[in-house]
Amino acid sequence: MGLESIPEDVTSRFKFAEYRHSCAIFVSDFAEEWDDLMRCLRAFTLKKSDIVVGGGARSNIPKRLDDCLAKRGWAEKSFSIIVSVDGGVVQTPTHKLDSFKNRIGIEVEWNNKTEFYDRDLDAFRVLHELGVLDVGVIITRQSELQTELFKPLGIHKKYGASTTHWDKLIPKVDRGGAGECPLLLVGIGLDCYDPDA
């Protein structure tokens, strides 16, 4: 059970990659959370109005995905890790996961610095090693958008080549950035785009 577990209507709109049997774990052990993610991906549209708006705080694109998950019981989650070393206690907080529910973590990286991928993958690795996370999911944009959408719209400088996109994520994952944590990667591309929205 792998990527073929993903419904065809979803695979026709998004790009996927899986590592360490993430789909088999997700589908068989976390069916409700799997359904939540599939429903939110089905409901998602890449709106022109969202991609052309000026920069600043978190954009509407990740907000809409986070909000969809929140309506299904997902929430932002931070973890406090306490390690005992020679009788002394060392606290090691991780950054907050965008969305967390029942041992599944989801991060949405739309247009951040690529170092955010390192942060996400490291958090997934640590949380998996500690036995509190079974699958990590990263939703990001496909690299094709830079030349096939952003450039024709004249906004390609806003979405620089050194920001978060598929071609920057895959090498970090392939180098083992998430350790043994099962990963599902989701790429938002042209098949999600609505020029009239």
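Above: the structure in question.
Residues numbered from 1 in each chain as written. Predicted model: local features only at pLDDT ≥ 70, side-chain atom pairs only at ≥ 80, totals over all residues. Heavy atoms only, no water.

**Student:** Is there a simple way to think about the sheet that holds strand β7 (residues 104–109) in this case?
**Tutor:** One key point about sheets: their strands pair by backbone hydrogen bonds, in either a parallel or an antiparallel sense. Pairing within the open sheet is mixed, and its six strands lie in the order β1-β9-β8-β7-β6-β3. Looking at which strands have only one partner, the edges of the open sheet turn out to be β1 (14–19) and β3 (75–77). The mean angle between the axes of side-by-side strands here comes to 30°, regardless of whether they run parallel or antiparallel. Here strand β8 (residues 135–141) runs beside strand β9 (residues 183–188); their pairing, made up of six bridges, is parallel. In the sheet register, Ile138 faces β9, and the bridge partner there is Leu185. (Pairing = 2+ DSSP bridges. Helix = DSSP H or I, 4+ residues; strand = E, 2+ residues; numbered from the N terminus. Axes fitted to C-alpha atoms, helices over the stretch in contact; angles between N-to-C directions.)

**Student:** What is the right way to read the packing of helix α3 (residues 31–43) against helix α5 (residues 60–70) from this model?
**Tutor:** At a closest axis distance of 9 Å, the pairing of α3 and α5 adopts a crossing angle of 140°. When the axes of α3 and α5 are compared, the pair comes out oblique. Between α3 and α5 the crossing geometry is right-handed. Taken together, the residues of α5 that come into contact with α3 (itself represented by Asp36, Leu37 and Cys40) are Leu65, Cys68 and Leu69. For the contact of α3 with α5, the class distribution of residues is five nonpolar, no polar and one charged. (Parallel < 35°, antiparallel > 145°, perpendicular 65-115°, else oblique. Left-handed = near helix turned anticlockwise from the far one by under 90°. Contact = heavy atoms within 4.5 Å. Nonpolar A, V, L, I, M, F, W, Y, C, P; charged D, E, K, R; others polar.)

**Student:** Even after reading the chapter, I still don't get a nonpolar patch on the surface, so can you show me in this structure?
**Tutor:** A cluster of nonpolar side chains, contributed by Val83, Val85 and Val90, occupies part of the molecular surface with about 210 Å² of accessible area. Checked against the element boundaries, Val90 lands in strand β5 (residues 88–93). (Patch = residues over 30% accessible without salt bridge, like charges linked within 9 Å, V, L, I, M, F, W, Y side chains within 5 Å. Areas by Shrake-Rupley, 256 points an atom, 1.4 Å probe, with all protein chains shown as cover. Salt bridge = Lys/Arg side-chain N within 4 Å of Asp/Glu carboxyl O.)

**Student:** In this structure, what is going on with the pattern of salt bridges? I would like to understand it.
**Tutor:** Once the charged atoms of two side chains with opposite charge are near each other, the side chains can pair. Taken as a whole, this structure holds 14 salt bridges when the rule is applied. Note that Arg39 is salt-bridged to Asp35, the shortest N-O span being 2.7 Å. Placement of the pair is Arg39 and Asp35 together in helix α3, with a separation of four residues, close to one helical turn. Using a relative accessible area of 32% as the deciding quantity, one classes Asp35 as partly exposed. (Buried < 20%, exposed > 50% of the residue type's maximum accessible area, 1.4 Å probe, protein only.)

**Student:** Can you walk me through the pairing of β8 in this structure?
**Tutor:** Working note: regular strand, side chains alternate between the two faces of the sheet. Among the seven residues in β8, seven count as buried, and that is most of the element. Here β8 shows a buried face lined by Val135, Val137, Ile139 and Arg141 and a second buried face lined by Gly136, Ile138 and Thr140. You can see the chain leave β7, run along helix α6 (residues 115–129) and come back into β8, and the turn it takes is right-handed. (Right-handed = clockwise from strand over helix to strand, strands pointing away.)

**Student:** Even after reading the chapter, I still don't get the state of the cysteines, so can you show me in this structure?
**Tutor:** In a disulfide, the sulfur atoms of two cysteines are covalently bonded to one another. Taken as a whole, this structure holds one disulfide when the rule is applied. A disulfide-free cysteine, Cys23 has its sulfur positioned 13 Å from the sulfur of Cys181, the nearest such atom. Residue class for Cys23 comes out buried when judged on its relative accessible area of 0%. Residue class for Cys181 comes out buried when judged on its relative accessible area of 0%. (Disulfide = S-S within 2.5 Å.)

Read these as layout, nothing more, since geometry by itself doesn't imply function.
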